[in-house]
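Observations on chain architecture
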Amino acid sequence: MDLRIFTEPQQGASYDTLLSVAKATEDLGFDAFFRSDHYLQMGGADGLPGPTDAWLTLAGLARETSRIRLGTLMTAATFRLPGVLAIQVAQVDAMSGGRVELGLGAGWFAAEHAAYGIPFPREKFPRLQEQLEIITGLWGTPEGETFSFDGEHYRIEDSPALPKPVQSRVPVLVGGMGKERTPRLAARYADEFNIPFASAEDSAAQFDRVRRAAEEAGRKPDDLVYSNALVACVGRDDAEVARRAAVIGRDVDELRRNGLAGSPAEVVDKIGRFAEIGASRIYLQILDLDDLAHLELIAGQVKPQLS
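Residues numbered from 1 in each chain as written. Predicted model: local features only at pLDDT ≥ 70, side-chain atom pairs only at ≥ 80, totals over all residues. Heavy atoms only, no water.

A word on the side chain of Gln131
- Secondary-structure assignment places Gln131 in helix α5 (residues 125-140).
- Residue class for Gln131 comes out buried when judged on its relative accessible area of 0%.
- Discounting chain neighbours no more than four positions away, the residues touching Gln131 are Ala77, Arg80, Leu81, Pro82, Leu85, Leu104 and Tyr154. (Helix = DSSP H or I, 4+ residues; strand = E, 2+ residues; numbered from the N terminus. Buried < 20%, exposed > 50% of the residue type's maximum accessible area, 1.4 Å probe, protein only. Contact = heavy atoms within 4.5 Å.)

See the structure below:
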């Protein structure tokens, strides 16, 4: 089971804070550092000092780390034009020496679009599908050839399809709980299918839908990586778990039901339930980015039991 660190900087984090977490992620042996792609805080967070851009952040981290994978859960298709996003991701891939992954979603948070003047289209899913086709098409076009696309929402004319990523294929992540279109989209474009904040039972049903869609698309279901994102709140004892839950404004019992909360042994046991349904990767949502001792505990007492 791969463990990856997943951050939510819109809730309040500077680049320096994210750099500290990314370096701890690398030093402690985790597989990857991922971040959300949002421009507005949610819930009761103050969001200070203000939002950071996901791909600018990853570009900086690409030059200041050497091993960990870097990516997004999920970049919103509403935020960027597909040709520009293909260039940005390819450039960060080069800056990192080939360590980038692209999670791409439809976008959903209307308030952040209004707050920063970003158009929020009514029909988002068809735009996501076209973006995936364009981005993967640009990257997959042989050098010296051009790429064109004529869709309902985007038109590409004789693009030189440059630059190319360092990786022969940048891993693409698609996710969500949509029962029909989402599995088909993953089967066509994704290297990894991710489910955020769902139970093992609900995840199992959705993984099965994706596997069936992959077979219908002529792919082997095991060609995809299946993963979950879950909030983490781990402590050596109940008091430490309660302290960490209080800092992020969550109830311990609720976290135990819906996330990975409790002692290292409890968390290992729950991760095992996700492994049983076919998940091979867990994104640990870390909400208190100043608590690096939390990462140290997970690295020291959870991660070794999953090898």
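More follows now that the structure is in view.
Quick word on the pattern of salt bridges
- Considering all chains together, one arrives at 20 salt bridges under this definition.
- Among the ionic pairs, Arg211 bridges to Asp208, the shortest N-O distance being 3.3 Å. Highlighted residues: Arg211 and Asp208, both in helix α7 (residues 200-216), separated by 3 residues, approximately one helical turn.
- Through salt bridges that share partners, Arg236, Glu240, Arg243, Arg244 and Asp291 make up one connected network. (Salt bridge = Lys/Arg side-chain N within 4 Å of Asp/Glu carboxyl O.)

Quick notes on the environment of Gly98
- Within the secondary structure, Gly98 is located in the loop between α3 (82-96) and β5 (100-105).
- Counting along the chain gives 69 residues from Gly98 to Gln167, while the straight-line C-alpha distance between them is 5.2 Å.

Concerning the packing of α3 against α5
- Close contact between α3 and α5 brings their axes to 9 Å; oriented N to C, the two are set at 50 degrees. One element, α3, and the other, α5, form an angle in the oblique class. Crossing of α3 against α5: the hand is right-handed. Here α3 contributes Pro82, Gly83, Leu85, Ala86, Val89 and Ala90 to the contact with α5, which in turn contributes Gln131, Ile134, Ile135, Leu138 and Trp139.
- The class makeup of the residues in the contact of α3 with α5 is 9 nonpolar, 2 polar and no charged. (Axes fitted to C-alpha atoms, helices over the stretch in contact; angles between N-to-C directions. Parallel < 35°, antiparallel > 145°, perpendicular 65-115°, else oblique. Left-handed = near helix turned anticlockwise from the far one by under 90°. Nonpolar A, V, L, I, M, F, W, Y, C, P; charged D, E, K, R; others polar.)

Quick word on the nonpolar core
- Counting 78 residues, the largest nonpolar core has Leu3, Phe33, Trp55, Trp139, Leu284, Ile298 and Val302 as the members making the most contacts within it.
- In terms of residue count, α5 provides more of this core than any other element does, 7 residues in total.
- Counting 8 residues, the second largest nonpolar core, distinct from the first, contains Cys233, Val241, Ala245 and Ile248. (Core = buried A, V, L, I, M, F, W, Y, C linked by side-chain atoms within 4.5 Å.)

Section: the packing of aromatic side chains
- Per the counting criterion, the structure on display carries 6 aromatic pairs.
- Ring centres of Trp108 and Phe109 lie 5.1 Å apart, and the angle between their planes is 25 degrees; this geometry places the pair in the stacked category.
- When its relative accessible area of 14% is taken as the criterion, Phe109 is described as buried.
- Through a chain of ring-to-ring contacts, the aromatic side chains of Tyr39, Phe79 and Tyr116 assemble into a single cluster. (Phe/Tyr/Trp six-rings, centres within 6.5 Å; stacked < 30°, edge-to-face > 60°.)

So, unusual backbone geometry
- That bond from Leu48 to Pro49 is cis: its omega, 10 degrees, falls within 30 degrees of zero.
- Take Pro49: it is sitting in the loop between β2 (32-35) and α2 (54-64).
- Cis geometry is found at the peptide bond from Leu162 to Pro163, where omega equals 0 degrees.
- Following the sequence through the fold, Pro163 ends up in the loop between β7 (155-159) and β8 (172-175).
- In the Ramachandran plot, Ala161 falls in the positive-phi region, its phi being about 55 degrees despite a non-glycine side chain.
- Looking at the element boundaries, Ala161 is found in the loop between β7 and β8.
- Exposure remark for Ala161: the relative accessible area of 3% places this residue in the buried category.
- The phi dihedral of Phe197 is positive, around 55 degrees, even though this residue is not glycine.
- Along the chain, the position of Phe197 falls in the loop between β9 (192-196) and α7.

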